[in-house]
Amino acid sequence: MTVQSSDSETPAAADTGATPATTREIHLASRPDGVPTAANFTFVQRELPPLAEGQLLVRNTWMSVDPYMRGRMDDKPSYIAPFEIGAALEGSAVGEVIASRAEDFPVGTAVTHFAGWREHAVLDAAAATPIDLSIAAPHHYLGALGTTGLTAYAALTEVAPVRPGDTVFISAAAGAVGSVAGQLARELGAGRVIGSAGGPAKTRLLLAEFGFDAAIDYRAGDVAGQLAAAAPDGIDVYLDSVGGEHLRVAVAAMRPRGRVALVGAISGYNGEAASSGPDLYLAATKEVTLRGMLVSSYFPIFGEYIAKAAAWLADGTVRTRETVYEGLDQAPAAFLGVLSGANTGKMLVRL
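For every chain, the first residue of the written sequence is number 1, and numbering continues from 1 along that sequence. Whole-chain, interface and lining totals are the exception, using all residues; otherwise, since this is a predicted model, local features are given only for residues with pLDDT of at least 70 and side-chain atom pairs are given and counted only at 80 or more. Values reported for side chains reflect all heavy atoms of the structure, with hydrogen atoms and water molecules removed beforehand.

Enquirer: Help me understand the overall build of the protein chain in this model?
Expert: Here a strand is any run of E in DSSP of at least two residues, a helix any run of H or I of at least four, and the numbering for each starts at the N terminus. Regarding its fold elements, the protein chain presents nine helices and 16 strands. C-alpha extents for the protein chain along the principal axes are approximately 65 × 45 × 35 Å. Each of the 351 residues in the protein chain was classed as buried or not, and the buried ones make up 51%. Should any heavy atoms of two residues lie within 4.5 Å, those residues are considered in contact. The contacts of the protein chain with a sequence gap of at least 6 include a subset with a gap of at least 24, amounting to 68%. As displayed, the protein chain has an accessible area near 14900 Å², and 53% of this comes from carbon and sulfur atoms. Of the side-chain charges in the protein chain, 26 are positive and 37 negative, and the distance between the mean point of each set is 5 Å. Categorising residues by exposure relies on relative accessible area from a 1.4 Å probe, with only protein chains included: less than 20% of the type maximum marks a residue as buried, more than 50% marks it as exposed, and the intermediate range marks it as partly exposed. All accessible-area figures derive from a Shrake-Rupley calculation using a 1.4 Å probe, and residue coverage is judged against the displayed protein chains alone. Note on charges: Lys and Arg go in the positive column, Asp and Glu in the negative column, and His and the chain ends are not counted at all. Where a charge lies is defined by one atom per residue type: Lys uses NZ, Arg uses CZ, Asp uses CG and Glu uses CD.

Structure (structure tokens):
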């Protein structure tokens, strides 16, 4: 496992040689009961089908693992279909086209798509999006230029808009969304940005590298007291990726007409008993807005966001960290790690 900074060099894709006849995939072997384990995954080698007209074969070079995938391991209704037992898992990936029957995707095209958790993917052309590697390294299209970056941007511009001088509180602030969100809050005019993370190493990083004004170590306990010390006059905006105690404390600390972006609730993803939720009567009397978001609803502004974010990466306005596991074999470990907070910044697997 390695950790890369935003200015690290990304190795060029290796020569692919002949088109492979088979590939390896990771399938869902069973549904977890509580915290997932390695036993819930299985490795499968399968033949690659011939390309139909309009299809392409992509050799994946990077894949993403994300907290929302935990929900897809359960067989229950949600905003996205559950993973199927005995089938390859899915998720965002970056790769290179190595065979094509689609005119707009010549061999050598770099693309993003949603068929991760495998070394090669046969895709319809409509399922792939070309990416420009002249403006950013490929792994950034899974992080700051991907859906995690878009989540941070949409949360703070559309869902819970940051206004000049606001005090902004970010949970999971050393993670993929939170680390970008804290920096974007500053760019959007926030007067004070506070982050919550787990452990002294991560809280130091928030201050030293990501430019937060104050950092809360939730593992030290008394989140309410730590937030009151960091924001004695209250907060205006809260980006919630955690739920539970964090959401309750944030609502209690809200100034009148504060705004909350409900992005995730990782504290309850493994079925743990939920801690007491926010005081909704208090939220009502303060006229606080609590608004959920699905990043897919903001895909229409993806192009606008990438243009801005690429410039922010280039000039250092936004810095990133990536925690990288090497090889498809390590994808389950990387996924379990992101659920336990083992990552700093974006968790990635290099294939």
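Enquirer: Looking at this model, I keep getting lost on the sheet that holds strand β13 (residues 254-262). Mind explaining?
Expert: In sheet architecture, strand pairing relies on hydrogen bonds along the backbone and comes in two forms, parallel and antiparallel. Pairing is parallel across the open sheet formed by six strands, whose spatial order is β11-β10-β9-β12-β13-β14. Each of the sheet's edge strands pairs with one partner strand only, and the pair in question is β11 (214-217) and β14 (289-292). Averaged over all neighbouring strand pairs, the angle between strand axes comes to 15 degrees, with direction disregarded. As paired elements, strand β10 (residues 192-197) and β11 share four bridges and run parallel to each other. Across the sheet, residue S196 finds its bridge partner in β11, namely I216. Sitting on the sheet, helix α5 (residues 223-230) is in contact with β9 (167-170), β10, β11 and β12 (235-240), with an inclination near 170 degrees to β11. Strand pairing is defined by DSSP finding a minimum of two bridges between the two strands. For every element, the axis is a line fit to its C-alpha atoms; helices are fit only across the contacting stretch, and the angle between N-to-C directions ranges from 0 to 180 degrees.

Enquirer: Teacher, can you tell me more about the pattern of salt bridges here?
Expert: Just to be clear on terms, a salt bridge is a Lys or Arg side-chain nitrogen sitting within 4 Å of an Asp or Glu carboxyl oxygen. In this structure the tally under the stated criterion is 17 salt bridges. A salt bridge links R186 to D213; the shortest N-O distance between them is 2.4 Å. One end of the pair, R186, is in helix α3 (residues 176-187); the other, D213, is in the loop between α4 (200-208) and β11, and 27 residues separate them in sequence. Looking at R186, the relative accessible area reads 31%, which means it is partly exposed. According to the relative accessible area criterion, D213 is partly exposed, its value standing at 34%. Measuring nitrogen to oxygen at the nearest pair gives 3.1 Å for the salt bridge that ties R257 to E287. Remark: E287 occurs in the loop between α7 (280-285) and β14 and R257 occurs in strand β13; sequence separation between them is 30 residues.

Enquirer: I'm lost on the side chain of S92 in this one. Help?
Expert: Inspection of the secondary structure puts S92 in the loop between α1 (69-72) and β5 (93-100). The contacts of S92, once residues within four sequence positions are left out, are M63, S64, H113, F114 and L142.

Enquirer: It is not clear to me how helix α9 (residues 331-340) should be interpreted in this structure. Could you clarify?
Expert: Residues spaced three or four apart along an α-helix face the same direction, because each turn holds 3.6 residues. Along α9, seven of the 10 residues are buried, which leaves the element largely enclosed by surrounding structure. For α9, the complete set of buried residues consists of A331, P332, A334, F335, G337, V338 and L339. Tucked into the core, α9 has its buried residues touching β2 (22-28), β3 (41-47), β4 (55-64), α1, β15 (321-326) and β16 (346-350). Positioned one or two residues after α9, G341 has a phi angle of 80 degrees, which is positive.

Enquirer: Explanation requested: the pairing of β13 in the structure shown.
Expert: Moving residue by residue along a regular strand, the side chains alternate between the two faces of the sheet. When β12 meets β13, the two strands line up parallel, connected through five bridges. Looking across to β13, one finds that Y238 is bridged to V260. Crossovers are marked right-handed if the path from the first strand over the helix to the second runs clockwise, as seen with the strands pointing away from the viewer. In this fold, β12 hands off to helix α6 (residues 244-253), which returns the chain to β13; that crossover is right-handed. One ladder, built from four bridges, connects β13 with β14; its direction is parallel. Bridge pairing in β14 places V260 opposite L290.

Enquirer: Just checking my understanding: could you explain unusual backbone geometry for this structure?
Expert: Glycine aside, the phi torsion of most residues is negative, and most peptide linkages are trans. Phi at W117 takes a positive value of approximately 65 degrees, unusual for a residue other than glycine. Tracing the chain through its elements places W117 in the loop between β6 (110-113) and β7 (120-124). A positive phi angle, near 50 degrees, is found at A172, a position not held by glycine. You can see A172 is positioned in the loop between β9 and α3.

Enquirer: Explain the environment of A250 here, please?
Expert: Relative to the helices and strands, A250 is located in helix α6. Here the alpha-carbon distance between A250 and G54, two residues 196 residues apart in the chain, equals 50 Å. The contacts of A250, once residues within four sequence positions are left out, are F169, L227, I235 and Y238.

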